[in-house]
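Below are the chains, spelled out letter by letter.
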4 protein chains.
Amino acid sequence: MDASLGAQEAGAAMRTGIWLVGARGSVATTAVVGAAAVGTGAAPPTGCVSEHDDFREVALPGLGELVFGGHDVARTPLPKRAEQLMEAGVIPHGLADLVREDLVRADAEIRPGVTAEAEDQAAAVATVVADLEEFKRRGNLERVVVVNVSSTEPPPTAHPAHSTVRALRRALASGEPVLPVSSVYAMAAFLAGCPYVDFTPSCGARLPALVELAHERGVPCAGSDGKTGETLVKSVLAPMFARRALRVRSWSGTNLLGGGDGAALADPARAAGKVDSKARVLAEVLGEPVEGGVHIHHVPDLGEWKTAWDHITFEGFLGTRMTMQFTWQGCDSSLAAPLVLDLARLMALAHSRGVHGPVPELAFFFKDPVAGGEHALEQQYAQLVRWANGPRVTQ
Amino acid sequence: MDASLGAQEAGAAMRTGIWLVGARGSVATTAVVGAAAVGTGAAPPTGCVSEHDDFREVALPGLGELVFGGHDVARTPLPKRAEQLMEAGVIPHGLADLVREDLVRADAEIRPGVTAEAEDQAAAVATVVADLEEFKRRGNLERVVVVNVSSTEPPPTAHPAHSTVRALRRALASGEPVLPVSSVYAMAAFLAGCPYVDFTPSCGARLPALVELAHERGVPCAGSDGKTGETLVKSVLAPMFARRALRVRSWSGTNLLGGGDGAALADPARAAGKVDSKARVLAEVLGEPVEGGVHIHHVPDLGEWKTAWDHITFEGFLGTRMTMQFTWQGCDSSLAAPLVLDLARLMALAHSRGVHGPVPELAFFFKDPVAGGEHALEQQYAQLVRWANGPRVTQ
Amino acid sequence: MDASLGAQEAGAAMRTGIWLVGARGSVATTAVVGAAAVGTGAAPPTGCVSEHDDFREVALPGLGELVFGGHDVARTPLPKRAEQLMEAGVIPHGLADLVREDLVRADAEIRPGVTAEAEDQAAAVATVVADLEEFKRRGNLERVVVVNVSSTEPPPTAHPAHSTVRALRRALASGEPVLPVSSVYAMAAFLAGCPYVDFTPSCGARLPALVELAHERGVPCAGSDGKTGETLVKSVLAPMFARRALRVRSWSGTNLLGGGDGAALADPARAAGKVDSKARVLAEVLGEPVEGGVHIHHVPDLGEWKTAWDHITFEGFLGTRMTMQFTWQGCDSSLAAPLVLDLARLMALAHSRGVHGPVPELAFFFKDPVAGGEHALEQQYAQLVRWANGPRVTQ
Amino acid sequence: MDASLGAQEAGAAMRTGIWLVGARGSVATTAVVGAAAVGTGAAPPTGCVSEHDDFREVALPGLGELVFGGHDVARTPLPKRAEQLMEAGVIPHGLADLVREDLVRADAEIRPGVTAEAEDQAAAVATVVADLEEFKRRGNLERVVVVNVSSTEPPPTAHPAHSTVRALRRALASGEPVLPVSSVYAMAAFLAGCPYVDFTPSCGARLPALVELAHERGVPCAGSDGKTGETLVKSVLAPMFARRALRVRSWSGTNLLGGGDGAALADPARAAGKVDSKARVLAEVLGEPVEGGVHIHHVPDLGEWKTAWDHITFEGFLGTRMTMQFTWQGCDSSLAAPLVLDLARLMALAHSRGVHGPVPELAFFFKDPVAGGEHALEQQYAQLVRWANGPRVTQ
Ligand SMILES: NC(=O)c1ccc[n+]([C@@H]2O[C@H](COP(=O)([O-])OP(=O)(O)OC[C@H]3O[C@@H](n4cnc5c(N)ncnc54)[C@H](O)[C@@H]3O)[C@@H](O)[C@H]2O)c1
Ligand SMILES: NC(=O)c1ccc[n+]([C@@H]2O[C@H](COP(=O)([O-])OP(=O)(O)OC[C@H]3O[C@@H](n4cnc5c(N)ncnc54)[C@H](O)[C@@H]3O)[C@@H](O)[C@H]2O)c1
Ligand SMILES: NC(=O)c1ccc[n+]([C@@H]2O[C@H](COP(=O)([O-])OP(=O)(O)OC[C@H]3O[C@@H](n4cnc5c(N)ncnc54)[C@H](O)[C@@H]3O)[C@@H](O)[C@H]2O)c1
Ligand SMILES: NC(=O)c1ccc[n+]([C@@H]2O[C@H](COP(=O)([O-])OP(=O)(O)OC[C@H]3O[C@@H](n4cnc5c(N)ncnc54)[C@H](O)[C@@H]3O)[C@@H](O)[C@H]2O)c1
Ligand code: NA
Ligand code: NA
């Protein structure tokens, strides 16, 4: 099909960088390995939504054309991290060797990350901006999409400087470290003219001051918290109960997590954001708050795997009480990595179309979508397809 | 709202009969009890889709205005059946007493059913037609919707007489019993000018000859097999995997059933239809056949309750294998009865609008919707709401 | 069999009282209803271990001969509590009416309980002693077994007065409230010459001073924490893994509880004791500590029902990793009440045999058995049967 | 410990052969790989019951000293089968290479198996006897234990020749193929003076004529059907319910199997034996037949893995109905292979002690133990330990 070929070519022409905050984490490493493997045809694009037929006509950068870089506070080189993920069963045996060169190249583009201890946040922002600009120049990239896949941080304390760009600039200038680290990255991304995605539940771009900045700089942002497991299932089961007029009485979720992410979320302060973003979907879809809640427990033995058990009680005709439960055994990085690639491609598209500020049409990917988007997965998908295939107009 | 009130009144004015084939079964009895209880405000309309806000403007007969009758081969009177369902936890204690009068009234309208042994099917059809016409006259009803909720029958043997009305009439006239019992009921319904619904997987109206007859007589029909449990869940989970480009590799379903229905389905011949209609949704939504299958086992101890366990293996990015499983513990009659009421109301609407032949817009209610309708629940719901609220035009 | 008849008669002759601390709770109410129902033959002794054939020759008080009394801080009369349990599905419809007289009689024997606020604990002990003695006299009872089935209390703060009877008496005399409430009851029981059972994880008799007192007064004590659900299953599954040389790597338990007990355990301080006693069995049977832990979440909608989900990862030959999970949906009071009756009968036996201090042979009944007893259920059962059928010698 | 060392040495001195019928199957291959790996210390003896401390004093042949040979009708060489099991996750990456030499050596000792089509069974028996004798001589082995781990065969048709050695010999002599293939192997084993173990549910040694022959030749036999998953769990859960006087009302088991074994058991005729031996434990332990049954479904995608789901309904005090369910996800070969090694070692011991005929003390290992042994796992274990440590007397 000529039209389609045209679309793909237009996309491929856009040399696009992905800058991963948390570039040596499991999700990031899997994304780098996978982009190389799928890009060269060594693996099928299973799990990549943007490879679906519904996006055939959309001009997206090719998976194999993506150029990787990022920040991390960890030192383990990517080839080593890929080994570890191979041992853990996330990446098939042999594959890490196959894409070794790509890993080495990406590793060379990783810069030391900002830490929570950084006192001079103005300087930190400037460093990140410089890192992004050099990456773009060195790679001769048309644009760079920043995706935050670093460890989840605790919810920030509210501060007046979060309200406006002006207040924020003033606070940083005065040396006050008012931003959570994720927001340092988001701010720098906007200043460097880069689209920014919050794949974690961390604060990131979700401050009025930063939303204002995104609009000001004409760049799009999206988030929060990639929807890969239990919440994904919720986003189809809750609408099912609602459509059938069945009354959900309780919905209790238990998540057993190993891995780096599990360790981070074992800290209740950090888990708070996650638990929060996971709970929202139910109340919104069911129209009333529901008993139960979401619980996260750290079980190191599970490694990169995660098991979620959800127990739901509901009421049918004449008050009869019924129960549903499900167990989800997923490899989180395998579920998350292709979505990171999808998001980078779609944000490149948004940027090329001149979209700025939060993009509610990407709600499909997130546990806690910006701008109060739709929570039912099917509606989210329909919205996404419509948007991606829509006319290339500037907002 | 004036418009809404007008709509409700218009609906209430249509005195509508429901004729239940299998009128003394669990589903039927629960429907009679429930219509009375909800109609008088003794119970909320939980589980009744047509009571949802999205149908507020639609002119449907009032739940409390429905008049019940039906056929059955069993003798246990409805008040006694209601007792049994109370013991079994399907109907709350006390409720059967509250609606005793309604049960006695409905029981008086139950006529002896047609059996598989009936040799003279032309006569059987004539008797059913006469029963329906008397019911309509006696009750001074505007229309009567026939709903088949009798025991599931084995798939019929194909016969040339199934192809056209003419061939069928000729075969019956010659005394050949070519129809499965459910189709005798469907034929009679059409001849008596009544809409007909297949809530079971039995053959019913699904013969070309009968579809032809429905069009000829200008009456609508719908089916097959009420979607109340495992398949309902499938119709949201399968699209979830599809949307996320995750490849489902196997989907194995096990259903433990007690009750009358369980006993009937313990017979593999009868189960065949059910298993078939349950399997279809997966292949259609996922675009390829999937290993596993659906298994039904009879466990009398479960009584009116049913437990389904589904085990799904799927593949994510780079081939990683993951698993999901769910257990559904439902009270089938509590799930089915409100849908029977919904269907009767919506078919009355279809009839009043002059719709004839299969109504694909009711796919939302069925495991195996006629006319190759959509299989994803959300799409089915959207289609239903659109149709119900659509202009009152004749097809 | 003559011998057997003789045994039963001897038992029946011992008029035995059960004094329930928490006498208006769910467990207590179910025990009173059940003793009456089983005693009169209105219900079979399902769940009563002491009715098993293995105890046929043992001289135990008859179930129908038990006389009930107790303490509670709640006011709802027992007949009303029985209604509520009927509504909740714990007690079959009709049964509460049948045993109404027994409930009224037991209710008349309930006295106001000691509260945590009671400052003068010496006086509180004296009141409880007086209550027990009057109950015994009024009922003309040979002995009274005290069973603590009141709400779980937080673990107590250590205090030097807990070490010896002498130190304890001195502290109480000086007006210092050093005891948790459960231990006030235990102390009073011993002073009144009554066997005492901790069916809860509360401190109760588990203070060196109180163990000393039990020996001094020549009365037996037993505990702690009735083993009714998840831990019961653990006590057979953990030995299974051990016997097969399979290495358990993690065992994560989640308990969803409604009811009064759920509300109490929603308080992490109170849950601490429970979680602790639930964890012990694994480490002891498996010979090494195991990752995972036990979590309790309060889901009021579950009412008297409880659902536990346990997820176990284990390792087989050559390191292969496998998984087992189970879901237990139990009605806690139905599981606990017959054990309360068993314990009262067996403690009456112990007392009649002159046993004093902790009785390790009752480990079968407890999550956290005294005296470091065996944790594997089969061994516990064998030990119990041997002990009960053993010679009637004084220790 | 001198005694212990002496014991181990005595065992090691006995050079023991294992002859595997089905030597190229998954279980057999895993056993050969594992014996080598554990024997050389490359892997810990997880899953090997006979390596437990309770058997420290027992004179068993060393794991690394076992010599392998066998029959199979398949041609794929063992090193290749080991590769496949590595791909399937049964054997860790790298291990197959490590023990390659052992695999090549064992493969050289595999002879073509007897097929169901073999008409001249007398000749077939003779060939197997010759194969066994040559293996023993070539390897300079003190004894050879034959273990049947070939594909499950359908239950045989009863035949008068099965009753006595005499009748059997006569039938074979007359050229009548009266034996199922597994019994051909068993007969040959006995004639060659080899202990024989039925690890499958096939008929094997379970014919009166063959039991007679085993006694006649002074060799022990054991079986049937290795207890590795669902039935293992049943053998501890069923006693739990029994001990607590809880009444089990239904127990429904569903087994999803991939692999060669799954394919074989997809044939209902072959599954019959398995289903049967799996059901027995419940009726025996619970003292009454229980509704539900065991169902086996073939899901090729599961490969060497198996998932069993069991759903249990039970009744507690006052008739309250409760539910338990468990899901077992096991790698069958990892569970079975160490037991095959255990059995070979323990049968060598039995043989050295002069035990002949069925050995009920090995019930611990089997779903359907010979000679109506105990079904509760703990009792079986106690019996096994006692027997293994018992005096070395001839029966
Ligand atoms: N995997 C999923 O399914 C999923 C879904 C939604 C959200 N997430 C989120 O994605 C994030 C990454 O998950 P993961 O499994 O890869 O975790 P991980 O622990 O493997 O990786 C996180 C990486 O972030 C790095 N990091 C920590 N602090 C940093 C900082 N200040 N600057 C730069 N890098 C820093 C760490 O060194 C580490 O390499 C988590 O926040 C997780 O909650 C994951
Ligand atoms: N309950 C659900 O969730 C659900 C969902 C989909 C479909 N269904 C179908 O609905 C039907 C009814 O289910 P149920 O639980 O009420 O079963 P049931 O056994 O309680 O009732 C069936 C009734 O049909 C009657 N019957 C049998 N043969 C008849 C005949 N020839 N003519 C007239 N009546 C006849 C029986 O006497 C009985 O009273 C079944 O076919 C079932 O498969 C039920
Ligand atoms: N049900 C089970 O399976 C099970 C198993 C093990 C232990 N337990 C323990 O048994 C206890 C009772 O459980 P339940 O479900 O009946 O709870 P419940 O809340 O229904 O009953 C507890 C009763 O104790 C009373 N109480 C509270 N403080 C008291 C005091 N100071 N003095 C006297 N009475 C007091 C309450 O008023 C209430 O009536 C709990 O501690 C629970 O943890 C129960
Ligand atoms: N794995 C377990 O947990 C377990 C437990 C109990 C019993 N078993 C039984 O063990 C047996 C082996 O299981 P598996 O998973 O290794 O199966 P498999 O299919 O991998 O191996 C069976 C082997 O037997 C061979 N075979 C078939 N017919 C033969 C014949 N006539 N003579 C010689 N060899 C023959 C096949 O070629 C194959 O190599 C099965 O019968 C199974 O039911 C296994
Ligand atoms: Na992770
Ligand atoms: Na297998």
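Residues numbered from 1 in each chain as written. Chains lettered and ligands numbered in written order. Predicted model: local features only at pLDDT ≥ 70, side-chain atom pairs only at ≥ 80, totals over all residues. Heavy atoms only, no water.

As annotated in an unreviewed UniProt entry, chain A carries the name Myo-inositol-1-phosphate synthase and is attributed to Wenjunlia tyrosinilytica. Per UniProt, chain A has the following entry under Sequence similarities (unreviewed entry): "Belongs to the myo-inositol 1-phosphate synthase family." (UniProt positions renumbered as here; feature names shortened; annotations may be inferred.)

Caption draft 1: The arrangement of the overall build of chain A in detail. Of the regular secondary structure elements, chain A holds 14 helices and 11 strands. Taking 395 residues into account, the globule formula puts the C-alpha radius of gyration at 21 Å, and chain A, at 21 Å, falls close to it. If one aligns the C-alpha atoms of chain A with their principal axes, the spans along those axes are about 65 × 55 × 45 Å. By residue count, 63% of the 395 residues in chain A fall in the buried class. Carbon and sulfur atoms make up 52% of the accessible area of chain A, which totals about 13,400 Å². Across chain A, the mean location of the 35 positive side-chain charges is 3 Å away from that of the 45 negative side-chain charges. (Helix = DSSP H or I, 4+ residues; strand = E, 2+ residues; numbered from the N terminus. Rg over C-alpha atoms; globule rule 2.2 N^0.38 Å. Buried < 20%, exposed > 50% of the residue type's maximum accessible area, 1.4 Å probe, protein only. Areas by Shrake-Rupley, 256 points an atom, 1.4 Å probe, with all protein chains shown as cover. Lys, Arg positive; Asp, Glu negative; His and termini not counted. Charge placed at Lys NZ, Arg CZ, Asp CG, Glu CD.)

Caption draft 2: Focus on the pairing of strand E9 (residues 305–315) of chain B. Residue and element names in this part refer to chain B. Counting buried positions along E9 yields 10 of 11 residues, so the element is predominantly enclosed. In this structure, strand E7 (residues 247–257) lies alongside E9, joined through 10 bridges in antiparallel fashion. For tryptophan 251, the partnering residue across the bridge sits in E9 and is isoleucine 312. Between E9 and strand E10 (residues 321–331), which pair antiparallel one after the other, the connecting turn spans 5 residues, and leucine 318 there sits at a positive phi close to 60°. (Pairing = 2+ DSSP bridges.)

Caption draft 3: Highlighting the sheet that holds strand E8 (residues 291–298) of chain B. Pairing in this open sheet of 8 strands is mixed, and the strands run E8(A)-E7(A)-E9(A)-E10(A)-E10(B)-E9(B)-E7(B)-E8(B) from one edge to the other. Whereas interior strands pair on both sides, the edge strands pair on one side only; in this sheet they are strand E8 (291–298) of chain A together with E8 of chain B. For this sheet, the mean angle separating the axes of adjacent strands, direction not counted, is 10°. Sheet topology note: the strand E7 (residues 247–257) of chain A/E8 of chain A ladder contains 8 bridges and is parallel. Bridge pairing in E8 of chain A links serine 250 of chain A to glutamate 291 of chain A. Strands in contact with helix H13 (residues 332–352) of chain A are E7, strand E9 (305–315) and strand E10 (321–331) of chain A together with E9 and E10 of chain B; relative to E10 of chain A, the strand with the most contacts, it is inclined by about 80°. (Axes fitted to C-alpha atoms, helices over the stretch in contact; angles between N-to-C directions. Contact = heavy atoms within 4.5 Å.)

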